[in-house]
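Survey of secondary and tertiary structure
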Amino acid sequence: MEKGIRIADLFREEQTWLGKTAVVQGWVKTRRDSRAGVGFIELNDGSSLKGLQIVTELEGRDYSGLLGQITTGSAILAEGLVSLSPGKGQSIELRAERIHLYGGADPATYPLQKKRHSFEYLRQIAHLRPRTNTLGAAARVRSRLSFAIHQFFQERGFHYVHTPIITASDCEGAGETFRVTTLDPARPLAASGEDPYKSDFFAKPAFLTVSGQLQAEIYALALGKVYTFGPTFRAENSNTSRHLAEFWMVEPEMAFHDLNDDLDVAQAFIKYLVAVVLSDCAREVEFFGRFVDPDVLKRLENAAASSFEVITYTEAVDILTRSQEPFVYPVEWGHDLQAEHERYLTEKVFGRPVAILNFPRVLKPFYMRVNDDEKTVAAMDILVPGTGEIIGGSQREERLDMLLEQMRLKGISADDYRWYTELREFGSAPHSGFGLGLERLVQFVTGIPNIREVIPFPRTPGHAEF
Ligand code: 4AD
Ligand code: MG
């Protein structure tokens, strides 16, 4: 099969391509004819936001008769001379000598005619929406960030661990798990008194993981510094712009690191990712600034330049109760901070990322290290302007007696987590880690308001299409 050059590469190396013949392959964004006997095709191949202008001759070429079939959405090949473009806003264009049509797109039925479509409409055509500028740009940024996540950790001596997707534990203890079973819901379960899981695939309750943390801890207490990065699942019945039932989380876990070290890594990590986006996705960021969120560039430059604000949960509650903001949810020590509180702190009070430390023990899962006051745990939430919570982490409880006490208080069976408590019996060591939601990160760097646009196939209550 003939292989053309990617349009992004052509733009990058345009000086060497000028005056040479190139072959490009992609999808037609627009086509228009001029009265002067030439036509213009804007071709995009997904490699960059910017399309390449193909100049066609309406008569006298082998392909001239074909042009009528080349409509928005068609897949074509074009070969021709790379030339300086007289058109404003573009540097080079391709003067077509040969055109091949792979597949047309009937203008009467192709759902992506050149105009602005609503995100809601595009969600219904998630098989075509990556061809739009916005969704294509979001997909490229997501891809670059995913690679940067590996780069950051690999460059710093972390090992990548694959934690299981099917698990018997509920790390966060919030009961938001999806059950994994081969039992037929239409069939009556076992006779009374019998173990209902006896005939189930794993012979015990099993779930899709809500977090790879507990298993990452096993490897951190052997390899020192590890990270896991994969899909996680939460049956949270909340239809918000920041929650998905299936999302990607990156979770580093580090032995001989306390909460302050954890915060240092998290801060360096966010700054690194923001810097990558600013340097490698500059066109996309500029585009998002123009069409999606005018503040996006300022926000990113600010996050890259300033150090995070660090406050305790108790200080956060003080600031919120003293504020005159008309919050929907009241603020009270011992209650969770709501999205409106988080955004007020990071957007209005500080105007930059904020780390909140030491949350009330009752609010957080069993594995977090109990502080000396016995009322709070060594937890860390990082909030960013525009998105709110992007990272949740903590120092883990490494003291066996304290861990068992926490499990008892939270109603967690020590028998079921024997392997976890054994890590505290044999060579226990202080350790900490955190989880960053990839989709929240993409929302932060693009300004895209709804999380359903930053993942290719969003899963939310009532929706699992494709
Ligand atoms: O704060 P969370 O629940 O923390 C944990 O799961 C820890 N076990 C992580 C760790 O310490 N290793 O989730 C971490 C992050 C959140 O800050 C958020 O960015 C994202 O995961 N997140 C979600 N993203 C999309 N949809 C959801 N339903 C999410 N729930 C959490
Ligand atoms: Mg959290």
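Residues numbered from 1 in each chain as written. Chains lettered and ligands numbered in written order. Predicted model: local features only at pLDDT ≥ 70, side-chain atom pairs only at ≥ 80, totals over all residues. Heavy atoms only, no water.

A few words on the sheet that holds strand β11 (residues 309-312). Taken in spatial order, the eight strands make up an open sheet running β6-β9-β10-β15-β14-β13-β12-β11, and their pairing is mixed. Two strands lie at the open edges of the sheet, namely β6 (159-160) and β11, each paired on one side alone. Here strand β13 (residues 376-384) runs beside strand β14 (residues 388-395); their pairing, made up of six bridges, is antiparallel. Looking at β14, one finds that L383 is bridged to E389. Docked against the sheet, helix α9 (residues 313-322) engages β11 and β12 (354-360), running at close to 90° with respect to β11. (Pairing = 2+ DSSP bridges. Helix = DSSP H or I, 4+ residues; strand = E, 2+ residues; numbered from the N terminus. Contact = heavy atoms within 4.5 Å. Axes fitted to C-alpha atoms, helices over the stretch in contact; angles between N-to-C directions.)

This brings us to the sheet that holds strand β4 (residues 75-84). Ordered in space as β1-β2-β3-β5-β4, the five strands form a closed barrel in which the pairing is mixed. Taken pair by pair, the neighbouring strands of this sheet meet at an average axis angle of 55°, ignoring direction. Sheet topology note: the strand β2 (residues 38-44)/strand β3 (residues 52-57) ladder contains six bridges and is antiparallel. The residue bridging G39 from the neighbouring strand is T56, located in β3.

The environment of ligand 1 is made up of 25 residues, and the closest members are E172, Q213, R234, E251 and E389. Measuring from an oxygen atom of ligand 1, one finds a side-chain N or O atom of R234 at 2.8 Å. At 3.5 Å from an oxygen atom of ligand 1 is found a main-chain nitrogen or oxygen belonging to I391. Within the complex, the protein chains bury 94% of what would otherwise be the 630 Å² of accessible surface of ligand 1. Elements with a minimum of two residues in the shell around ligand 1: β10 (246-255), β14 and β15 (431-437). Ranked by residue count, the leading element in the shell around ligand 1 is β14, at five residues. In the shell around ligand 1, the residues fall into nine nonpolar, eight polar and eight charged. (Near = heavy atom within 4 Å. Polar contact = N/O pair within 3.5 Å; in protein donor to acceptor, adjacent residues only side chain to side chain. Areas by Shrake-Rupley, 256 points an atom, 1.4 Å probe, with all protein chains shown as cover. Nonpolar A, V, L, I, M, F, W, Y, C, P; charged D, E, K, R; others polar.)

Moving on to the packing of helix α8 (residues 296-305) against helix α13 (residues 438-446). Packing of α8 against α13 brings their axes to within 8 Å, and their N-to-C directions diverge by 115°. Taken together, the axes of α8 and α13 lie roughly perpendicular to each other. Across the interface between the two elements, V296, R299, L300 and A303 of α8 pack against Q443, F444, V445 and T446 of α13. A class-by-class count of the residues in the contact of α8 with α13 yields five nonpolar, two polar and one charged. (Parallel < 35°, antiparallel > 145°, perpendicular 65-115°, else oblique.)

Bringing the pattern of salt bridges into the picture now. For the structure on display, the rule yields 27 salt bridges. Taking the shortest distance from any N to any O, the salt bridge between R129 and E453 comes out at 3.3 Å. Within this pair, whereas R129 is found in the loop between α3 (119-123) and α4 (133-155), its partner E453 is found in the segment after α13, the two being separated by 324 residues in sequence. When the shortest N-O distance is used, the salt bridge between E253 and R396 registers 2.8 Å. With a gap of 143 residues between them, E253 in strand β10 and R396 in the loop between β14 and α11 (400-409) connect regions that are remote in the sequence. Several salt bridges converge on common partners, so that one network encompasses E2, E79 and R98. (Salt bridge = Lys/Arg side-chain N within 4 Å of Asp/Glu carboxyl O.)

Before going further, it helps to examine α13. Most of α13 sits inside the fold, with nine of its nine residues counted as buried. Those residues of α13 not exposed but buried are L438, E439, R440, L441, V442, Q443, F444, V445 and T446. G447 sits one or two positions beyond α13 and adopts a positive phi of about 80°. (Buried < 20%, exposed > 50% of the residue type's maximum accessible area, 1.4 Å probe, protein only.)

Here we come to the packing of helix α5 (residues 213-223) against helix α12 (residues 418-425). Viewed as axis vectors pointing N to C, α5 and α12 meet at an angle of 30°, and their least axial separation amounts to 11 Å. Comparing their axes, α12 and α5 come out roughly parallel. In the packing of α5 onto α12, the handedness of the crossing is left-handed. Contact residues: α5 offers Q213, L214, E217, I218 and L221, while α12 offers W419, Y420, L423 and R424. For the contact of α5 with α12, a count of residues per class yields six nonpolar, one polar and two charged. (Left-handed = near helix turned anticlockwise from the far one by under 90°.)

The pairing of β3 with strand β5 (residues 92-103) spans three bridges and is parallel. Residue Q53 lies in a different strand from β5, and its bridge partner there is E93. By the bridge criterion, ten bridges tie β4 to β5 in an arrangement that is antiparallel. Pairing of A75 across the sheet is with G103, part of β5.

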